[in-house]
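Working through the structure, step by step
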Amino acid sequence: MRNFNNLRTIDLKEYLPGVLKDVAEIRAVMDTETPEIQALWDAAEACMNDQFIQTATEDGIARRESMLGISPYASDTLDDRRFRLQSLYTENVPYTRRSLKNWLETLCGKGGYVLTITTSNFNVDVKVALGVKKQENVIRETLERMLPYNMTFSVSLLYNTWGIAKTKTWGSVKTKTWQNLKEEVFA
């Protein structure tokens, strides 16, 4: 993700006309005022970034969590908190296959999940990619709110298969355990 903080560094001396650039008193005033103007610019930039979940600062994320009554876990990173907020904002109350697929694709990315819906026994099975492992509980909580009460669901991890592991060289995997090979995200 792109870092949107401090995209611009302000130096007021650059805006002085040539005739005033060498005046020591004016340069001293500019040196004194530059940090204040930079702070104003940074605050305005943070305000703009806080308008969107993907670019929000920690304060912006905390404000949204407070509005929704969410308490972050102690182990949550800023990206984990963003993921939880995004899942709440993108869930649709009326459940349809299409809305469920769109919601999962928004959160897990294209190919980041496998969705199996069995209508004969009202079951939904979601397997999420290892890269989304930390958000498995968020997906489970959201499905509980999103799906009708007559449907059962399960959320599990989409582990690496032998087909993925056999493409690696022996030198790159000989130090790993079988569990590492099964659960580690391969680049």
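Residues numbered from 1 in each chain as written. Predicted model: local features only at pLDDT ≥ 70, side-chain atom pairs only at ≥ 80, totals over all residues. Heavy atoms only, no water.

Regarding helix α2 (residues 58-68), the residues found buried are Gly-60, Ile-61, Arg-64 and Glu-65. For α2, the angular spread of the buried residues around the axis is 135°, confining them to a single face. Turned more than 90 degrees off the buried face of α2, the exposed positions are Asp-59, Ser-66 and Met-67. Contact partners of the buried residues in α2: α3 (78-90). With its phi angle positive at about 70°, Gly-69 sits one or two positions after the end of α2. (Buried < 20%, exposed > 50% of the residue type's maximum accessible area, 1.4 Å probe, protein only. Helix = DSSP H or I, 4+ residues; strand = E, 2+ residues; numbered from the N terminus. Arc of directions from axis to C-beta. Contact = heavy atoms within 4.5 Å.)

So, on to the nonpolar core. With 20 residues, the main nonpolar core has Leu-100, Trp-103, Leu-104, Leu-115, Val-124, Ile-139 and Leu-143 as its most contacted residues. Those elements that place two or more of their residues in this core are α4 (97-108), β1 (113-118), β2 (123-129), α5 (136-146) and β3 (152-158). Looking at this core, the element that brings in the most residues is α4, giving five residues. Those residues in contact with Val-124, other than ones at most four positions away along the chain, are Tyr-95, Leu-100, Leu-115, Thr-116, Ile-117, Leu-147, Met-151, Thr-152, Phe-153 and Ser-154. (Core = buried A, V, L, I, M, F, W, Y, C linked by side-chain atoms within 4.5 Å.)

Tallied over the full model, the rule gives seven salt bridges. Here Asp-50 makes a salt bridge to Arg-63, at a shortest N to O gap of 3.9 Å. Linking Asp-50 in the loop between α1 (24-49) and α2 with Arg-63 in helix α2, this pair joins segments that are 13 residues apart in sequence. In this structure Asp-50 comes out as buried when scored by relative accessible area, which is 11%. Judged by its relative accessible area of 46%, Arg-63 falls in the partly exposed class. (Salt bridge = Lys/Arg side-chain N within 4 Å of Asp/Glu carboxyl O.)

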